[in-house]
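# Results of the structural survey
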There are 2 protein chains.
Amino acid sequence: MKLAEILNGIEPVDQTWIERAQERTAQLVMPTRALGRLHEISERLCGILKTLKPSITRKAVLVMAGDHGIVNEGVSAYPQEVTAAMIQTFLVGGAGINSISRHVNADVWVVDMGIIPELDVTKMKRSDRLLINKIGNGTANFARGPAMSREMAEQSIMAGFQQASVLFQKGIEILGTGDMGIGNTTPSAAIGAVIAGADLDAMVGRGTGVDDKGLVRKQEAIRRGIEVNQPNRNDGLDVLSKVGGFEIGGIAGSILAGAFHNYPVVIDGFISTAGALIANALCPPVTDYLFAGHCSAEPGHRFMLSHLKLEPILNLEMRLGEGTGGALAMSIMEGAVRVFNDVLTFEESGVADKKP
Amino acid sequence: MKLAEILNGIEPVDQTWIERAQERTAQLVMPTRALGRLHEISERLCGILKTLKPSITRKAVLVMAGDHGIVNEGVSAYPQEVTAAMIQTFLVGGAGINSISRHVNADVWVVDMGIIPELDVTKMKRSDRLLINKIGNGTANFARGPAMSREMAEQSIMAGFQQASVLFQKGIEILGTGDMGIGNTTPSAAIGAVIAGADLDAMVGRGTGVDDKGLVRKQEAIRRGIEVNQPNRNDGLDVLSKVGGFEIGGIAGSILAGAFHNYPVVIDGFISTAGALIANALCPPVTDYLFAGHCSAEPGHRFMLSHLKLEPILNLEMRLGEGTGGALAMSIMEGAVRVFNDVLTFEESGVADKKP
């Protein structure tokens, strides 16, 4: 399948299913819409899944990993080797995303979308959950030219689409997006500044904890990157290729897969939402299928969410990435589904005749 | 045990356990405190439970039910018979709190703290989860005099303390408070106005959905109730007896039980937080043991939380009560515990030498 076919195959969510779901909500034995956003969540899931018996029991998180040439500008507090080291940590189940995914009963898959080292799978522990889909050995430094070619940008999106499509075909009912990549708040901030049109300095935060000087270097690197590359905000592939990253393309692709196959996708924080901005630039209706798991402590995140008109489910000052905020929000979404499916109606409970 | 002994037996949470927990958090393989409020939650749980291996697996929600004489002032959109009808719905597992409790794996117990009808337990379905602890057949109309005597206020607190203590003795590790009582946002708003000192009109919302005229009647009834009764904001028993409710006393008592036995208590929304205001007026250190499950759509709730210096975990425009917001937040708290207990350290994961 080609990217154009995917984009043409995505349709806005059918409002009639949402309306039918709203009718059921109105019958539940509680004051009108007394569970607030839980109703909106369950009803939109009904719309996406085209059912009045929604299920999001089978969950997966797809953690996309990549390295970034922009790290040479001194934009990160951590050395680049950490990207690969964390992949091994994900595989043995020892990272934040693993804990939270166990809690919500989601499978974690890790994709090497383009980290610098070549992983020797035979030497890795528990490599059964690792997928290799390397677009390159890290991106180029986008402060001096495009991060990748337009072809590579398209390849990264197609790879994410394929990986997520396989999960949906295996029976996964809801997908969380995750990321790992030292330096990846830098391309994400660039994407946010270009596509969401937010002020650059407001978009740039400390990521994993860069100091004051590092923050200035980061702002400068992004400013230069945008000047040098002149990304076209109306062309998602152009933005991704010029100031993006391989894992961000992978995330954009997995979002397109959810929308294409009619499954919900929960985005995590800053990096995942940069991926959502790319997907949305390519195909605006994708946001119908998206849930914003949380609002990150990274200050620019709220501008991205507001551009996408997505209201975050959680707001817990998290800023880890990996997919943690999205995975945790699945638990709230599952509670919403439980309410929708299980609560008795006024009539069933015998409270019917006492309705005001 | 007498109330004075309970109040004397409650001590602030031991900071040294919290500090030891913070040391463990600092070693987890992620940027410094990158999971934000999840760390604060798990560390405070360590402090409350005096352990570095916290567990909140065994959960219960105690739904306190009561009726209110103030309903005669036309303050509610629903008829008073709904209180008893909802008790039966809780017992058969058909209400919002049942669905959410099944989702988070919490037991639901219902206490008749003082509804108007005498329940005939032999005619009720699934009455094994019903506890009868009737302080009276509904409170008196507090717009015309005290809602109950000071003795009844103390009895309601002691009943809540006993019920919750039994649960903790049975092995429950975390308790959620819940409420049912047509009209109970009215005494709760009165308690909020008196104890939190918030402006009365800002404290009074639409509850289950009263119309504009009902809202004015509600404001007037509370204004008159405060004038007639002159509750002393520094005396929790006085406030509870004059403008409170039996279920609100029960909630206050169950909060005291958590603090007394060193277990965490998650409060729900507007009514539960009124109970927390009473408990806090009686014994300020109880807030160390409290987690605010969510911020309600009822507009006065945030003033109550701010008086208690509690930051809500969720903010999903819920306003059902029953304990739903607190129960749903347990899922986030359990995620926080999972991260604290399970995530590898930098050293264990081999990422140690790459820390900046």
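The structure under discussion appears in the preceding block.
Just so it is clear, the model here is predicted, and its values are computed rather than measured.

## Description of the relation of the copies chain A and chain B
- Mapping chain A onto chain B is achieved by rotating through 180 degrees and translating by 0.0 Å along the same axis, at an RMSD of 0.0 Å. Such a combination of rotation and displacement between the chain copies is what one expects of a two-fold axis.
- Most of the interface of chain A is mirrored in chain B: 100% of its interface residues are interface residues there too.

## Digging into the interface of chain A and chain B
- Across the contact, 51 residues belong to chain A and 51 residues belong to chain B.
- Connecting chain A to chain B are two salt bridges.
- The shortest N-O distance in the salt bridge between D342 of chain A and R102 of chain B comes to 3.5 Å.
- There are 15 residue pairs in polar contact (both at pLDDT 80 or more) connecting chain A and chain B.
- Secondary-structure elements contributing two or more residues to the side of chain A that touches chain B are helix 3 (37-49), helix 4 (81-91), helix 5 (96-104), helix 14 (324-342) and helix 15 (346-349) of chain A.
- Ranked by residue count, the leading element in the side of chain A that touches chain B is helix 14 of chain A, at nine residues.

## Observations concerning the packing of aromatic side chains
Residues and elements named next belong to chain A.
- In the structure shown here, the tally under the stated rule is four aromatic pairs over all chains.
- Note on F161 and F260: the rings are 5.5 Å apart at their centroids and 75 degrees apart in plane angle, and the pair reads as edge-to-face. With F161 in helix 6 (residues 150-169) and F260 in helix 11 (residues 246-261), this pair connects stretches of sequence that are 99 residues apart.
- Judged by its relative accessible area of 3%, F161 is buried.
- Taking NZ or CZ as reference, R20 lies 4.5 Å from the ring centre of W17, over its face.

## So, the side chain of E43 of chain A
Residue and element names in this part refer to chain A.
- As for its position among the elements, E43 is in helix 3.
- A polar atom in the side chain of E43 sits 2.8 Å from the side chain of R33.
- When residues no more than four places from it in sequence are discounted, the contact partners of E43 are I18, A21, Q22, T25 and R33.

Procedures and definitions
- Residues numbered from 1 in each chain as written.
- Chains lettered and ligands numbered in written order.
- Predicted model: local features only at pLDDT ≥ 70, side-chain atom pairs only at ≥ 80, totals over all residues.
- Heavy atoms only, no water.
- Least-squares fit on C-alpha atoms with pLDDT ≥ 70 in both.
- Contact = heavy atoms within 4.5 Å.
- Salt bridge = Lys/Arg side-chain N within 4 Å of Asp/Glu carboxyl O.
- Polar contact = N/O pair within 3.5 Å; in protein donor to acceptor, adjacent residues only side chain to side chain.
- Helix = DSSP H or I, 4+ residues; strand = E, 2+ residues; numbered from the N terminus.
- Phe/Tyr/Trp six-rings, centres within 6.5 Å; stacked < 30°, edge-to-face > 60°.
- Buried < 20%, exposed > 50% of the residue type's maximum accessible area, 1.4 Å probe, protein only.
- Lys NZ or Arg CZ within 6 Å of the ring centre and 35° of its normal.

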